[in-house]
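Descriptive analysis of the structure
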Amino acid sequence: MTIAGLLEKTGWTLLNDGVDTNCEIEGAYCGDLLSWVMGNGMPGQAWITVQVHMNIVAVAQLREFSCILVADGANPPENVVAKAKEEGLPMIATGLPVFESAKKLIELGL
């Protein structure tokens, strides 16, 4: 499923308009301990987190995640959203908790 397809099916919010949403999502990874995510996330995954600081962009780029899915209504600062946009990394927001966000992805076949 593409990021655009995910947004269409869920109604979640793309925080940084103008990034490419045609790339494929190849699974998901849930985690907030950045060193753990760096060691275990896989390229192409959507990363579900409640972290909202600048380091999430660097970790997502390092692991080549397809997007960052900020869950539980967490609100990243504008400079973090701008950096993700600069890097071409889609950042998506949902009010669902991490577990419910992951369940939604599973229901959609990811």
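Up top is the structure.
Before going into details, it helps to say that this report is about the structure given with it. In this text, all values refer to a predicted model and were calculated from it rather than measured experimentally.

**Let's talk about the nonpolar core**
Judged by nonpolar contacts, the single largest core of 16 residues is most densely connected at Trp47, Ile56, Val57, Ile68 and Met91. For this core, the secondary structure elements donating two or more residues are helix H2 (34-40), helix H3 (55-63), strand S4 (67-70) and helix H4 (78-86). Of all the elements, H3 adds the most residues to this core, at four residues. Residues in contact with Met91, not counting those within four places in the same chain, are Thr13, Leu14, Leu15, Asn16, Ile56, Val57, Ile68, Val70, Pro76, Val80, Val81 and Ala84. Within the second largest apolar cluster, 15 residues are counted, among which are Leu6, Leu7, Ala46 and Ile92.

**Some points on the environment of Asn55**
Its location among the elements puts Asn55 in helix H3. Once the C-alpha coordinates of Asn55 and Val80 are considered, the two residues, 25 residues apart in sequence, prove to be 8.6 Å apart.

**Examining helix H5 (residues 98-107)**
Listing the buried residues of H5 in full gives Ser101, Ala102 and Leu105. An end-on view of H5 places all buried positions within 100° of arc, on one side of the element. Set apart from the buried face of H5 by more than 90 degrees, the exposed residues are Phe99, Ile106 and Glu107. Those residues of H5 hidden inside the fold are in contact with helix H1 (3-10), strand S2 (28-30), strand S3 (46-49) and S4. Where H5 ends, the next residue or the one after it, Gly109, has phi of about 95°, a positive value.

**A short note on H3**
Inspection of H3 places Ile56, Val57, Val59 and Ala60 among the buried residues, and these make up the whole buried set. Axial view of H3: buried residues confined to an arc of 165°, hence all on one face. Here the buried face of H3 lies against H2, S3, S4, H4 and strand S5 (91-93). Once H3 finishes, Glu64 follows within two positions and takes phi at roughly 60°, a positive value.

**A word on the pattern of salt bridges**
Evaluated as defined, the whole model comprises four salt bridges. Glu86 is the partner of Lys83 in a salt bridge, and the nearest nitrogen-oxygen pair spans 3.2 Å. Remark: Glu86 and Lys83 occur in helix H4; sequence separation between them is three residues, near one turn of the helix. A relative accessible area of 59% places Glu86 in the exposed class. Measuring nitrogen to oxygen at the nearest pair gives 3.5 Å for the salt bridge that ties Glu100 to Lys103. Of this pair, Glu100 and Lys103 both sit in helix H5, three residues apart, which is roughly one turn of the helix.

**Digging into the side chain of Thr49**
Looking at where Thr49 falls in the secondary structure, it is placed in strand S3. Of note is the side chain of Thr49, whose polar atom sits 3.5 Å from the backbone oxygen of Gly31. Only 2.9 Å separates the side chain of Thr49 from the backbone nitrogen of Gln51, close enough to count as a polar contact. Discounting chain neighbours no more than four positions away, the residues touching Thr49 are Gly31, Asp32, Ile68, Leu69, Val70 and Ala71.

Reading the values: the criteria
Residues numbered from 1 in each chain as written. Predicted model: local features only at pLDDT ≥ 70, side-chain atom pairs only at ≥ 80, totals over all residues. Heavy atoms only, no water. Core = buried A, V, L, I, M, F, W, Y, C linked by side-chain atoms within 4.5 Å. Buried < 20%, exposed > 50% of the residue type's maximum accessible area, 1.4 Å probe, protein only. Helix = DSSP H or I, 4+ residues; strand = E, 2+ residues; numbered from the N terminus. Contact = heavy atoms within 4.5 Å. Arc of directions from axis to C-beta. Salt bridge = Lys/Arg side-chain N within 4 Å of Asp/Glu carboxyl O. Polar contact = N/O pair within 3.5 Å; in protein donor to acceptor, adjacent residues only side chain to side chain.

As far as function goes, none of this settles anything; it's purely spatial.
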